[in-house]
Every structure is written in C-alpha cells, then in structure tokens.
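Next come the chains, spelled out residue by residue.
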Amino acid sequence: MQVRGLLLLLALVLLAATAEAGKNKKEKVKKDGSECEDWHWGPCVPNSKDCGLGYRQGTCKDESRKLKCKIPCNWKKKFGADCKYKFESWGGCSAQTGVKTRSGILKKALYNAQCEEIVYVTKPCSSKIKSKSKAKKGKGKD
C-alpha cells in the first residue's frame, strides 16, 4: 500500500514539474514576442546573388523586425519565392511557336505576398523523343 502511495505522489510531482516547464516556455515567447498582431512582411532579399540565405523585413505599427529566410536557387523569379502554385500537366507542343504551355493556380501566398491567382509558363518543345528504358543485359530468356 505504501509503494502505491509513493508512486502516486511521484507521478503528481512529475506532472506538476512538466506543467510548470510548459508555462515557462510560453512566458518566454511572450517576452521575446510583440503585442502587435498585424505584421506586414516584405519579400525575402538574398544576401548575395539572386538565391540562397537572406532576410525578410517586417513592420507592425512602430516596430520592425528581420527574419532569416531562404530562396531556393531553382525558384521561378517571375512568380516570386513566396507564391506557391499547383501546376497542371504540360500541354501539347504548338507547331507555330515551338513551345509547350501549362498553367498554375495559386495554392499558398506566404507572408502576405501579392501573388497572381493564375500564372502561365512556357518551355521549348524537346526535339528528341525519350526512348523507353531497355532491359538490362544478361537478364532475359536464355
């Protein structure tokens, strides 16, 4: 009976300790954070060249802040790194223009970015036809 009581007491102490630790984390966020809730964020500006690590400037009333951000080096500069689109399959090749086209519908705008709802992209038609992969040598009928 005493062992059961001791285990119950130990469980209560652990529960109280974890609850207190959770409160301290929340308070820490409040101290570092801001009372302002209407932040407006600018685009991610890379430190060098046109991709890689950079900073995003944010303002809210009289406060301003910088956040670290990253622009992937394969992003579509035309759309911006903060606009995420869902693209459909490539269309057929146009004989007149020699390009394929596809459209993308806005999926998500990060940091209140101003994004177009629908975008269109083109790419040149490939001149070579992809061949199907051949069977590996030595594997087959004997």
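Criteria and cut-off values
Residues numbered from 1 in each chain as written. Predicted model: local features only at pLDDT ≥ 70, side-chain atom pairs only at ≥ 80, totals over all residues. Heavy atoms only, no water. pLDDT = per-residue confidence, 0-100. Helix = DSSP H or I, 4+ residues; strand = E, 2+ residues; numbered from the N terminus. Contact = heavy atoms within 4.5 Å. Pairing = 2+ DSSP bridges. Axes fitted to C-alpha atoms, helices over the stretch in contact; angles between N-to-C directions. Disulfide = S-S within 2.5 Å. Patch = residues over 30% accessible without salt bridge, like charges linked within 9 Å, V, L, I, M, F, W, Y side chains within 5 Å. Areas by Shrake-Rupley, 256 points an atom, 1.4 Å probe, with all protein chains shown as cover. Salt bridge = Lys/Arg side-chain N within 4 Å of Asp/Glu carboxyl O. Lys, Arg positive; Asp, Glu negative; His and termini not counted. Charge placed at Lys NZ, Arg CZ, Asp CG, Glu CD. Core = buried A, V, L, I, M, F, W, Y, C linked by side-chain atoms within 4.5 Å. Buried < 20%, exposed > 50% of the residue type's maximum accessible area, 1.4 Å probe, protein only. Phe/Tyr/Trp six-rings, centres within 6.5 Å; stacked < 30°, edge-to-face > 60°. Lys NZ or Arg CZ within 6 Å of the ring centre and 35° of its normal.

### Quick word on the confidence of the model for the protein
- Of the residues in the protein, 65% have a pLDDT of 70 or more, and the chain-wide mean is 77.
- Ranking the elements of the protein by mean pLDDT puts helix α1 (residues 2-32) last, at 57, and strand β6 (residues 99-109) first, at 93.
- In this model residues 24-32 is a low-confidence stretch, pLDDT under 50, and it forms 1 contact with partners more than four residues away in sequence or in other chains.

### Examining the sheet that holds β6
- Spatial ordering of the open sheet is given by β5-β6-β7, a layout of 3 strands whose pairing is antiparallel. Single-partner strands in this sheet number two, and they are β5 (83-87) and β7 (118-124). Across the sheet, the mean angle from the axis of one strand to that of its neighbour is 40°, orientation sign disregarded.
- Inspection of the sheet shows β5 paired to β6 by 5 bridges, in the antiparallel sense.

### As for the state of the cysteines
- For the coordinates displayed, the defined rule picks out 5 disulfides.
- Across a sulfur-sulfur distance of 1.9 Å, C83 and C115 are joined as a disulfide pair. An S-S torsion of about -85° defines the bridge between C83 and C115 as left-handed. Highlighted residues: C83 in strand β5 and C115 in the loop between β6 and β7, separated in sequence by 32 residues.

### Let's talk about a positive patch on the surface
- Residues K84, K86, K107 and K108 make up a contiguous surface patch of positive charge.
- Note that K84 resides in strand β5.

### Focus: unusual backbone geometry
- Unlike most non-glycine residues, Y111 shows phi in positive territory, near 55°.
- Mapped onto the fold, Y111 is located in the loop between β6 and β7.
- Its identity is not glycine, yet N112 carries a phi of approximately 55°, on the positive side.
- Inspection of the secondary structure puts N112 in the loop between β6 and β7.

### Points about the nonpolar core
- Of all hydrophobic cores here, the largest spans 6 residues; its members are F79, C83, Y85, C115, V119 and V121.
- Elements with a contribution of two residues or more to this core: β5 and β7.
- Filtering out sequence-adjacent residues up to four positions away, Y85 remains in contact with F79, G104, I105, L106, K107, C115, E116, E117 and V119.

### Some thoughts on a nonpolar patch on the surface
- Where nonpolar side chains cluster on the molecular surface, the patch consists of I105, I118 and Y120 and spans about 320 Å² of accessible area.
- On the secondary structure map, Y120 appears in strand β7.
- Judged by relative accessible area, Y120 falls into the exposed class, the value being 52%.

### Let's talk about the packing of aromatic side chains
- Scanning all chains against the criterion turns up 3 aromatic pairs.
- Here the aromatic rings of W41 and Y111 are separated by 6.0 Å at their centres, their planes lie at 75°, and the arrangement is edge-to-face. Note that W41 is positioned in strand β1 (residues 40-41) and Y111 in the loop between β6 and β7, a separation of 70 residues in sequence.
- Consider the rings of Y85 and F87, whose centres lie 6.2 Å apart with planes at 55°: the pair is tilted.
- Given a relative accessible area of 11%, Y85 falls into the buried group.
- Judged by its relative accessible area of 26%, F87 is partly exposed.
- The ring of Y55 has K66 sitting right over it, with the charged end atom 5.6 Å from the ring centre.

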